[in-house]
Amino acid sequence: MALVRIDTSHNGLAFIGVGNIEFYARSAAPMHPISYPGIVGSRLPSLHEFNFLLCPGDLIVLHTDGISRRYATDGVLEREAHASPQCLAETIALSYARPNDDATLIVLSFASNSNRSGIEGNYAKNFNS
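Because the structure is predicted, anything quoted here is derived from the model rather than measured.

A. Representation of unusual backbone geometry in the model. Non-glycine residue asparagine 11 carries a positive phi angle of around 55°. Here asparagine 11 is to be found in the loop between β1 (2-7) and β2 (12-18).

Right, here's the structure in full:
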């Protein structure tokens, strides 16, 4: 389980995670939060909130262990750099979902300019095989 809080007025992102949650960021600033081992409702460890500054163009991918992490090393994010968050999530899900596992995947893209600030698009879906 993960909690992500985005503060568009201050371009901030906060993350807390427990269990099999992966966090990947393509960002101007390094983002490497830790999802702590444990089971919500059973063995909940002490948690730490990780805080980051978002920059225009930052891309955040959150997913459960039903999605292979290979998308990050296979160049998908670079090849699909101009795709919408929904198209990127569909590409990752179709190519990297584990065939016998459930999966949740969220893709967020941060946009900020003089006319608008905030999440440009998002996509979340539960995939069951």
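B. View of the environment of glycine 66. You can see glycine 66 is positioned in the loop between β6 (59-64) and α1 (70-73). A relative accessible area of 0% places glycine 66 in the buried class. The sequence separation of glycine 66 and isoleucine 21 amounts to 45 residues, and the corresponding C-alpha distance is 9.7 Å. Those residues within four positions of glycine 66 in sequence are excluded, and the remaining contacts are Tyr96, Ala97, Arg98, Asp101, Asp102 and Ala103.

C. Quick peek at the pairing of β2. Across the seven residues of β2, six count as buried, placing the element largely inside the fold. Pairing analysis gives six bridges linking β1 to β2, with the strands arranged antiparallel. Looking at the pairing, alanine 2 lines up with glycine 17 of β2. The antiparallel hairpin formed by β1 and β2 contains four residues in its connecting segment, where asparagine 11 sits at a positive phi of about 55°. Pairing analysis gives four bridges linking β2 to strand β5 (residues 50-53), with the strands arranged antiparallel. Looking at β5, one finds that alanine 14 is bridged to asparagine 51.

Reading the values: the criteria
Residues numbered from 1 in each chain as written. Predicted model: local features only at pLDDT ≥ 70, side-chain atom pairs only at ≥ 80, totals over all residues. Heavy atoms only, no water. Helix = DSSP H or I, 4+ residues; strand = E, 2+ residues; numbered from the N terminus. Buried < 20%, exposed > 50% of the residue type's maximum accessible area, 1.4 Å probe, protein only. Contact = heavy atoms within 4.5 Å. Pairing = 2+ DSSP bridges.

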